[in-house]
Amino acid sequence: MLPRLSATEKLRFDAEIVPHLDVLHRMARSVCGDADVADDIAQESFLKALKGFGGLKPGTNGRSWLARIVHNACRDHWRSKAGRGDEGWDDELQAEVEALGAEPDWQPGIIRDAFDDEICEALQALPPRWRASVLLVDVEGWTYEEAAESLEIAPGTLRSGLHRARKVLFARLRDSVGARQVGARQATQAPNNPPDHGEA
Amino acid sequence: MNPDHRFCSLIHADPHGESWDSAVRAHAAVCPACTAFLRGVAALSLRLKAYPALNAPMPPSLRARLRAQLAACPEGPAAPPAVRRQAPAPRRAMRRALVPAALAATLVLGVMLGHNFDFGFSRAPAEVDRTIGMYIQDVTHDHYLIERIGRPLEVAITERGALSDWLSASLSFPFELPRTRAGFKLQGGRVWHTVGRLAAMAACETDGGGRVILFAVPAANLELRGAGSSIIGGTRVFSGNGWEREARVWIDGDLAMALVAMEGELPAAWAEMFLPAGL
């Protein structure tokens, strides 16, 4: 059921919340990894925002408030999926970072060469909370403070978690792009053994 | 080179430099490890921004559905948040009894002021009562609000056809931006809500660096009164002031268009430049 809003509230909602619908949807899609689920979460979050808007104090950061609603809706979806609770939602990535050993080689060329499916795979391998962090800070350009408020964590936790997430993301992209480039080199160096194109 | 590794860890935790002071900035410029790290993070950020799923807008059909839900919310004071009920004290009970009477009196006063004391009890639903004068008041007030918000545009589409398509997909009515004469550069637009209905809004930059905003709402049930008018280029153009700015309104097909300048008076020639060509 739609809530009752005064004309002024509608105007305020239109001015303070509606401009952030694209971010709302991108966040849902990046966290859940599925366009249809993202549509459902965006719809559900929009209704929650409509219902809660009356209680939002003027001057409150609307997009951060909206992102918090989306984040919670995504987490609810995660919990309900196969009844797994919070397991894996905000894994700290300690084991992955330790497995990397030294700092990764932050070579920009490797990242620029990454294919979309390699980006997708590397992102999906991150725990959902850190996917959301990467989106808000590194893609949308939000400050750590604002992103941390939306994700309901301390800014320090966000900084360290995001650093680990970038390391893991970088290392995975380096591995997948590197493996592809090695495969391509081997294919060109062995002209007598053309790749199998599936012909019988 | 500054070998202080505390700076390295600060930079790694904050590659966008939000918390850097001059010492950290100086270190970032000379430390090879930090420079390589910052280049890597910048490349990662750029690559992610180029990844389609991370910069796609909301699907237009979903956006239109959400907007329709906002428009469909019944208007009226929102329900108060749930509070613990208390037994009313005698004075509070008296005040509570007076509230409906005060509301009724306010309503009657509002109706009288809104209709110049014209008691038309048999009149049609409220939307019929919208006039050009109210439209001018609303768009000038909207304009005042937009300036205060500071980021009025929802999309920065600068091509007329593309912005018309985007607005039409987001609104409940087809909308085509008027062709402007030279001197106005389209900046983008957004969906707005004015004079009690969904509205298209487009912003244009003028040659002098100013900005004009064009609103469009369905003209149905909008009475052509409440503002003075003159005929410009064969079209009746209404003009009026509100909120320290001037608006000009005209009817173009099924839509009522309103043009408002950023501040002060709107040069009469500007409205002419947005009027349907050939009139």
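Residues numbered from 1 in each chain as written. Chains lettered and ligands numbered in written order. Predicted model: local features only at pLDDT ≥ 70, side-chain atom pairs only at ≥ 80, totals over all residues. Heavy atoms only, no water.

With that out of the way, let us pick up the side chain of A:Arg164. Of note, A:Arg164 is situated in helix H10 (residues 155-189). For A:Arg164, the residues in contact, after removing those within four places along its chain, are A:Glu92, A:Leu93, A:Gln94 and A:Val97. (Helix = DSSP H or I, 4+ residues; strand = E, 2+ residues; numbered from the N terminus. Contact = heavy atoms within 4.5 Å.)

Here helix H4 (residues 62-80) of chain A contains 19 residues, and its C-alpha end-to-end distance of 27 Å stays within 8% of the 27 Å for a straight helix at 1.5 Å per residue. Along its buried surface, H4(A) packs onto helix H1 (7-16), helix H2 (21-32), helix H3 (35-52), helix H8 (128-139) and helix H9 (144-151) of chain A. (Expected span 1.5 Å × (residues − 1).)

Residues and elements named next belong to chain B. Across the 8 residues that make up strand S6 (residues 245-252), a large majority, 6, are buried. In terms of strand pairing, strand S5 (residues 235-242) meets S6 through 5 bridges, oriented antiparallel. Bridging across to S6, Asn241 finds its partner in Glu246. Connecting the antiparallel pair S5 and S6 is a turn made up of 2 residues, with Trp243 showing a positive phi of about 50°. Note that S6 and strand S7 (residues 255-261) share 6 bridges and pair antiparallel. When the sheet's bridge partners are listed, Val249 is paired in S7 with Ala258. Hairpin connection from S6 to S7: 2 residues lie between these consecutive antiparallel strands, with Gly253 at a positive phi of about 65°. (Buried < 20%, exposed > 50% of the residue type's maximum accessible area, 1.4 Å probe, protein only. Pairing = 2+ DSSP bridges.)

At the interface, 54 residues of chain A touch 50 residues of chain B. Together, the buried faces of chain A and chain B total about 4,700 Å²; carbon and sulfur atoms form 63% of this surface. The three residues of chain A that bury the most area against chain B are A:Arg4, A:Lys10 and A:Leu11, which together make up 14% of that side's buried surface. The interface formed by chain A and chain B contains 6 salt bridges. (Buried area = accessible area lost by both parts, 1.4 Å probe. Salt bridge = Lys/Arg side-chain N within 4 Å of Asp/Glu carboxyl O.)

Next up on the list: the nonpolar core. Grouped together as the largest cluster of nonpolar side chains are 81 residues, with contacts concentrated most on A:Phe13, A:Met27, A:Leu123, A:Leu158 and B:Leu48. In contact with A:Leu158, other than residues within four places in its own chain, are A:Trp130, A:Ser133, A:Val137, A:Tyr144, A:Ala147, A:Ala148, A:Leu151 and A:Ile153. (Core = buried A, V, L, I, M, F, W, Y, C linked by side-chain atoms within 4.5 Å.)

Here we take up the environment of A:Gln94. Its location among the elements puts A:Gln94 in helix H5 (residues 94-100). In this structure the C-alpha to C-alpha distance between A:Gln94 and A:Gly161, which are 67 residues apart in sequence, comes to 9.3 Å.

What follows concerns the pattern of salt bridges. Going through the model one piece at a time under the given rule, you end up with 20 salt bridges over all chains. Where B:Arg67 meets A:Asp14, a salt bridge forms, and the shortest distance between an N and an O atom there is 3.0 Å. With B:Arg67 in helix H5 (residues 60-72) and A:Asp14 in helix H1, the pair connects residues from two separate chains. Residue B:Arg67 shares its accessibility class with A:Asp14, and that shared class is buried. With a shortest N-O distance of 3.7 Å, B:Asp14 and A:Arg159 are connected by a salt bridge.

Next up on the list: the confidence of the model for chain B. Residues and elements named next belong to chain B. Within chain B, residue pLDDT values average 76, and 75% of them lie at 70 or more. Taking the mean pLDDT of every element in chain B, the minimum, 55, falls on helix H6 (residues 90-114) and the maximum, 93, on H5. Throughout residues 111-128 the model reports pLDDT below 50, and contacts reaching past four residues in sequence, or to other chains, amount to 11 contacts. Two summary scores accompany this predicted model of the complex, namely pTM at 0.57 and ipTM at 0.85. (pLDDT = per-residue confidence, 0-100.)

All names here are of chain B. Ordered by their spatial adjacency, 7 strands build an open sheet running S1-S2-S3-S7-S6-S5-S4, and the pairing between neighbours is antiparallel. What marks the edges here is a single partner per strand, and that holds for strand S1 (184-194) and strand S4 (228-232). Taken pair by pair, the neighbouring strands of this sheet meet at an average axis angle of 25°, ignoring direction. With 6 bridges joining them, strand S2 (residues 197-206) and strand S3 (residues 211-218) adopt antiparallel strand pairing. Looking at S3, one finds that Cys204 is bridged to Val212. (Axes fitted to C-alpha atoms, helices over the stretch in contact; angles between N-to-C directions.)

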